[in-house]
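So the chains spell out like this:
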Amino acid sequence: MNIQVGDILTLKKKHPCGSHQWQVLRIGMDFKLRCLGCEHEIMTPRKKAEKNVRQIERDGAVVDG
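Before going into details, it helps to say that this report is about the structure given with it. Worth saying up front: this structure is predicted, and the values here are computed from it rather than measured. (Residues numbered from 1 in each chain as written. Predicted model: local features only at pLDDT ≥ 70, side-chain atom pairs only at ≥ 80, totals over all residues. Heavy atoms only, no water.)

### Some thoughts on the pairing of strand S3 (residues 30-35)
So, point 1. Along S3, the buried face is formed by Phe-31, Leu-33 and Cys-35; none of Asp-30, Lys-32 and Arg-34, which line the opposite face, is buried.
So, point 2. In terms of strand pairing, strand S2 (residues 21-26) meets S3 through four bridges, oriented antiparallel. Paired with Arg-26 across the bridge in S3 is Lys-32.
So, point 3. Between S2 and the antiparallel strand that follows it, S3, lie three residues. (Buried < 20%, exposed > 50% of the residue type's maximum accessible area, 1.4 Å probe, protein only. Helix = DSSP H or I, 4+ residues; strand = E, 2+ residues; numbered from the N terminus. Pairing = 2+ DSSP bridges.)

### Side note on unusual backbone geometry
So, point 1. The phi dihedral of Glu-39 is positive, around 70 degrees, even though this residue is not glycine.
So, point 2. The residue Glu-39 is located in the loop between S3 and strand S4 (41-45) in this model.
So, point 3. Phi angles above zero are rare outside glycine, and Asp-59 is one such case at about 55 degrees.
So, point 4. Tracing the backbone shows Asp-59 in the loop between strand S5 (53-58) and strand S6 (61-63).
So, point 5. For Asp-59, a relative accessible area of 81% translates into the label exposed.

### Topic: the environment of Gly-60
So, point 1. Locating Gly-60 in the fold gives a position in the loop between S5 and S6.
So, point 2. Overall, Gly-60 belongs to the exposed group, its relative accessible area being 71%.
So, point 3. Sequence separation between Gly-60 and Arg-34 is 26 residues; the distance between their C-alpha atoms is 17 Å.

### Some points on the sheet that holds strand S1 (residues 8-11)
So, point 1. The strand order across the open sheet built from six strands is S4-S3-S2-S1-S5-S6, with neighbouring strands paired in antiparallel fashion. The open sheet has two edge strands, S4 and S6, and neither has a second partner. The average angle at which neighbouring strand axes cross in this sheet is 40 degrees, direction not considered. (Axes fitted to C-alpha atoms, helices over the stretch in contact; angles between N-to-C directions.)

### With respect to the pattern of salt bridges
So, point 1. For the coordinates displayed, the defined rule picks out five salt bridges.
So, point 2. A salt bridge links Glu-41 to Arg-34; the shortest N-O distance between them is 2.8 Å.
So, point 3. Judged by its relative accessible area of 34%, Glu-41 falls in the partly exposed class.
So, point 4. Taking relative accessible area as the criterion, Arg-34 reaches 23% and is therefore assigned partly exposed.
So, point 5. Linking Glu-50 and Arg-46 is a salt bridge whose minimum nitrogen-to-oxygen distance equals 3.2 Å. In this pair, Glu-50 and Arg-46 are both assigned in helix H1 (residues 46-51), four residues apart and thus about one turn of the helix distant. (Salt bridge = Lys/Arg side-chain N within 4 Å of Asp/Glu carboxyl O.)

Dropping the structure here:
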């Protein structure tokens, strides 16, 4: 899956604040993501994050993931 720093990920499950969208801050073995609803930051394993991605936005355009 082609995910880059700065991409906006729409995930299957929503965050407790109600947002489904996360910004990618760091990639590697783990992803560092920031919730676009409440600005909460998390670290999650790459495998788990890629499994839950519905859509990837890059520069305002939807990218096939």
